[in-house]
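One-letter residues, chain by chain:
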Protein chains: 2
Amino acid sequence: MGQSGGELHHYKFEVPEIIFGRGLLGRVGSCASRLGGRRVFVVSDAGLFEAGWVDTVLGSLRDSGLEAVYYDNVSPNPRDRQVEDGAREYLRLGADVVVGLGGGSAMDAAKGIALLASNGGRVQDYEGSNRIHKPLPPLVLCPTTCGTGSDVSQFAIITDTVRHCKMTIMSRTVAPDISLTDPDTLETLPEEFVCTTAADALSHAVEAFFSIAATSLTDVHAVKAVRLLSTSLVAAVRARDAKALENLSRASLHAGMAFSNSLLGIVHALAHPIGGLYDTAHGCVNAILLPEVIRYNLPAVEDKLPELAWGLGHRTDGDPDEAASIICDAVDELLEATGAPRHLSSLGVARDSLPELAERALNDACILTSPRKAAVSDLLSILERAY
Amino acid sequence: MGQSGGELHHYKFEVPEIIFGRGLLGRVGSCASRLGGRRVFVVSDAGLFEAGWVDTVLGSLRDSGLEAVYYDNVSPNPRDRQVEDGAREYLRLGADVVVGLGGGSAMDAAKGIALLASNGGRVQDYEGSNRIHKPLPPLVLCPTTCGTGSDVSQFAIITDTVRHCKMTIMSRTVAPDISLTDPDTLETLPEEFVCTTAADALSHAVEAFFSIAATSLTDVHAVKAVRLLSTSLVAAVRARDAKALENLSRASLHAGMAFSNSLLGIVHALAHPIGGLYDTAHGCVNAILLPEVIRYNLPAVEDKLPELAWGLGHRTDGDPDEAASIICDAVDELLEATGAPRHLSSLGVARDSLPELAERALNDACILTSPRKAAVSDLLSILERAY
């Protein structure tokens, strides 16, 4: 890949078939049926079961004449063992399609299960880029939060319970066949999760926009995500306005389409080891790190600042300094509105682990597309400012 | 599909795998190989053969260890019989992948050949929406103009040589597996075709943006296409600047991603019968019709005008009247710069055929997504103003 004038010479852009609309979760049966399913393995969690959405999915599958089996052994930051157990269950039951319903955890677990069911072995065997060689069973992912982007992305993040780290699996084969978003599912999502997952979407959009692998195909989605978040986040959280919640779903989708193709940066390179060591909520960590990483990146992304300021609802006259200050203020304000925590210390991260976290971040794939190169000392100072 | 607040409640978005970059035509062999090809059927035309691009493709296929056969019986506005002959040839030679290299004509012919080779029968059997039931052979499309969008779209347009009309085939199955754009190919495209195909891309972007099936996923691409055209068209045409030409390729891609998912409107509903009767260059017809159709649509798209004005490089204070006048002037100026013809009379269209053309347009699928409903009398008056 070569770069010139802020845009890569060579690039790829891939997204799955996308279906979006209120009330569409009831169509998951026809999606699974169209993909050739007979016995569908549904991966979700207790919260979605209680909210009634698992029943919507199981009912839709049965209405389409399909058998449905339900697997809910999934935790936040899904673990290698949960994925291994799920794959065994999938094979034992003779299932032929996987449906993932939930936030990033349930969807990444669904990806991991589909991966091991078809390729065998352990999750660890596929850590890194392009290490999957056999096709996965058909996969339908239905996001129920407004962050993650797993429903369109070529990534799955699974926790290694022995090394206490998050493994990133990067392959076009873990993108689903169909991404189906029903924004109605946000109406039962607790406020806290609306806030932290929206912060996650914001960090995806900003990192995708600043990535050295960004292109015009990803930029348009990144900026649109920022724009939707900046206009709808407060109304969605305070008034639970249905239209505003729908806009957050849409923002999450745009951000996912951007970062899946442009990759990410330092926020995620740091968030992965923090999540691996402390099992923290991914959106919270991103919300804390984002402002410091933006400040660190500013000198390397001057050309792009006015467009991001515009996405955040502010006109500039194209002056990068003016845009930089607008962006820092607007992002702070937006994160403040989410009520997400603002300091790593409040998540239980130990100060003396910061050097190890900085070291680990240097080995995360997300660091490769950071617009400004970073040494361990740079990463450490970002962590310290965010502490 | 329902609509509210200017955005559809339910929608789909699909694009093929997209590869973009200068010099990438030499990678078409690895694309065909990845799709399982052994004997590749290359559809292109004499102009591209003379410019050397057919050799680039054939060489790349052979370098990847594939056999390559070349089919060039394709004319502008490709005909049903050329497609039927191509499909027979494909089957006779035992080919297994189709590569289309060229403008909309070569790519639509490639789609038609892939369709008949796998589904049998005549092109007429598949006219309309979703009438294709068997999967097509793997398809790689390489655009070499800056209009069309066929390389990402779910449409193929083939001329019926008996009825003298253009048949629209609409189906997800005619979207290719891979869209590969090498902007270097524009450097050998005669100026006249740069101009008319760029006008085509502009009409795609504007019609996609105004379509009643437009969504935020398509709008971002439509506006980006307009923006790239407005900043790069003059430099591309006058100075043949490589970066500007690359931006036109990119504009065409964005416009194609938009209209394939939001569909089109009156410009295309009228352009199809005109092209069917008079075998005119599609881009020229669109360039002539676009300003009049924009004027007709203005009262129905007021909410969207400021964003389109912004895409055309002009800030407004959100006033639709101000934006409308800016848009009409900017589009006129841009089309003037292309040097494309501005009157239907100059294309040899007979004045007394206008009523028949208006009648036929009413039956074109593109009329369904027009933001402002149109009776035959409305269409006729658009044609008369454009005459």
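Residues numbered from 1 in each chain as written. Chains lettered and ligands numbered in written order. Predicted model: local features only at pLDDT ≥ 70, side-chain atom pairs only at ≥ 80, totals over all residues.

Describing the overall build of chain A
Reasoning step 1: Check the secondary structure of chain A and you find 14 helices and 12 strands.
Reasoning step 2: Against the 2.2 N^0.38 benchmark of 21 Å for 387 residues, chain A shows a C-alpha radius of gyration of 20 Å, consistent with a compact globule.
Reasoning step 3: Once the C-alpha set of chain A is aligned to its principal axes, its extents read approximately 60 × 45 × 45 Å.
Reasoning step 4: When the 387 residues of chain A are sorted by exposure, 59% land in the buried category.
Reasoning step 5: Long-range pairs, those at least 24 residues apart, make up 79% of the contacts in chain A between residues at least 6 apart in sequence. (Helix = DSSP H or I, 4+ residues; strand = E, 2+ residues; numbered from the N terminus. Rg over C-alpha atoms; globule rule 2.2 N^0.38 Å. Buried ≥ 20, exposed ≤ 12 C-beta atoms within 10 Å, placed from the backbone. Contact = placed C-beta atoms within 7 Å.)

Things to note about the interface of chain B and chain A
Bring the parts together and some accessible area is lost; that lost area is often taken as the interface size.
Reasoning step 1: Contacts between chain B and chain A engage 22 residues on the former and 22 residues on the latter.
Reasoning step 2: Looking at the side of chain B that touches chain A, the elements that each hand over two or more residues are β3 (10-13), β4 (17-21), α7 (216-239) and α8 (242-262) of chain B.
Reasoning step 3: A total of 5 residues in the side of chain B that touches chain A trace back to one element, the largest contributor, which is β4 of chain B.
Reasoning step 4: For the side of chain B that touches chain A, a count of residues per class yields 8 nonpolar, 7 polar and 7 charged. (Nonpolar A, V, L, I, M, F, W, Y, C, P; charged D, E, K, R; others polar.)

Points about the pairing of strand β12 (residues 178-181) of chain A
Residues and elements named next belong to chain A.
Reasoning step 1: A two-sided burial pattern is seen for β12, the buried positions comprising I178 and L180 on one face and S179 and T181 on the other.
Reasoning step 2: As defined by bridge partners, strand β4 (residues 17-21) adjoins β12 across 4 bridges and the pair is classed as parallel. Bridging across to β12, I18 finds its partner in S179.
Reasoning step 3: Note that strand β9 (residues 139-143) and β12 share 2 bridges and pair parallel. The partner of L141 across the bridge, within β12, is S179. (Pairing = 2+ DSSP bridges.)

Some remarks on the domain arrangement of chain A
Residues and elements named next belong to chain A.
Reasoning step 1: According to the domain assignment, chain A contains domain 1 (17-185) and domain 2 (190-386).
Reasoning step 2: Taken residue by residue, the interface counts 26 residues in domain 1 and 30 residues in domain 2.
Reasoning step 3: Elements with a minimum of two residues in the side of domain 1 that touches domain 2: β4 and β11 (165-170).
Reasoning step 4: With 4 residues, β11 is the largest single contributor of residues to the side of domain 1 that touches domain 2.
Reasoning step 5: Here the residues of the side of domain 1 that touches domain 2 sort into 9 nonpolar, 14 polar and 3 charged. (Domains from an automatic or database assignment.)

A look at helix α12 (residues 320-338) of chain B
Residues spaced three or four apart along an α-helix point in a common direction, a consequence of the helix completing one turn every 3.6 residues.
Residue and element names in this part refer to chain B.
Reasoning step 1: In this model α12 runs 27 Å from its N-terminal to its C-terminal C-alpha over 19 residues, within 8% of the 27 Å that 1.5 Å per residue would give.
Reasoning step 2: Of the positions making up α12, those classed as buried are A323, A324, I326, I327, V331, L334, L335 and T338. Axial view of α12: buried residues confined to an arc of 165°, hence all on one face. The outward face of α12, more than 90 degrees from its buried face, is lined by the exposed residues D321, E333 and E336.
Reasoning step 3: A positive backbone phi angle near 70° is found at G339, which sits one or two residues after α12. (Expected span 1.5 Å × (residues − 1). Arc of directions from axis to C-beta.)

As for the relation of the copies chain B and chain A
Reasoning step 1: For these two chains of identical sequence, chain B goes onto chain A by a turn of 180° and a shift of 0.0 Å along the axis, with RMSD 0.0 Å. Viewed as a symmetry operation, the transformation between the two copies matches a two-fold axis. Distance from the rotation axis, computed per C-alpha, reaches its smallest value in chain B at V220 of chain B: 2.8 Å.
Reasoning step 2: With an isologous cut-off of 70% or more, the 100% of interface residues of chain B that recur at the interface of chain A puts this contact in the isologous class. (Least-squares fit on C-alpha atoms with pLDDT ≥ 70 in both.)

Re the sheet that holds strand β9 (residues 139-143) of chain B
Reasoning step 1: Here we have 7 strands laid out as an open sheet, ordered β3(A)-β4(B)-β12(B)-β9(B)-β7(B)-β5(B)-β6(B), and mixed in their pairing. Each edge of the open sheet is held by one strand with a lone partner, namely β3 (10-13) of chain A together with β6 (67-71) of chain B. This sheet shows a mean twist of 20° between the axes of neighbouring strands, independent of strand direction.
Reasoning step 2: Relative to β4 of chain B, β3 of chain A runs antiparallel, the two being bridged by 4 bridges. Bridge pairing in β4 of chain B links K12 of chain A to I19 of chain B.
Reasoning step 3: Lying over the sheet, helix α3 (residues 53-63) of chain B contacts β5 (39-43), β6 and β7 (97-102) of chain B, oriented at roughly 155° with respect to β6 of chain B. (Axes fitted to C-alpha atoms, helices over the stretch in contact; angles between N-to-C directions.)

Considerations on unusual backbone geometry
Peptide bonds are mostly trans, and most non-glycine residues show a negative phi.
Residues and elements named next belong to chain B.
Reasoning step 1: Phi at N77 is positive, roughly 50°, even though this residue is not glycine.
Reasoning step 2: Turning to its location among the elements, N77 is positioned in the loop between β6 and α4 (80-93).
Reasoning step 3: Residue class for N77 comes out partly exposed when judged on the 18 C-beta atoms lying within 10 Å of it.
Reasoning step 4: One non-glycine residue, L263, lies in the positive phi region at around 65°.
Reasoning step 5: Here L263 shows up in the loop between α8 and α9 (266-278).

Structural notes on the environment of L229 of chain B
Residues and elements named next belong to chain B.
Reasoning step 1: With respect to the secondary-structure elements, L229 resides in helix α7.
Reasoning step 2: The spacing of L229 and S249 is 20 residues in sequence and 9.5 Å in space, taken between C-alpha atoms.
Reasoning step 3: For L229, the contacting residues outside a window of four places in its chain are A198, A201, L202, A251 and L334.

Considering the confidence of the model for chain A
A low pLDDT score tells you not to read the predicted coordinates there in detail.
All names here are of chain A.
Reasoning step 1: When pLDDT is averaged along chain A, the result is 94; 98% of the residues meet or exceed 70.
Reasoning step 2: The low-confidence segment residues 1-5, where pLDDT is below 50, has 12 contacts with residues more than four positions distant or belonging to other chains.
Reasoning step 3: Predicted complex metrics record ipTM = 0.91 and pTM = 0.94. (pLDDT = per-residue confidence, 0-100.)

Points about the sheet that holds strand β8 (residues 128-129) of chain A
All names here are of chain A.
Reasoning step 1: Taken together, the 3 strands give an open sheet; going across it, the order is β8-β11-β10, and neighbouring strands pair in mixed fashion. Because the sheet does not close on itself, it has two edges, and the strands there are β8 and β10 (155-160).
Reasoning step 2: The pairing of β10 with β11 spans 6 bridges and is antiparallel. When the sheet's bridge partners are listed, I157 is paired in β11 with T168.
Reasoning step 3: Of the strands in this sheet, β10 and β11 touch helix α9 (residues 266-278), which is tilted by about 130° from β11.

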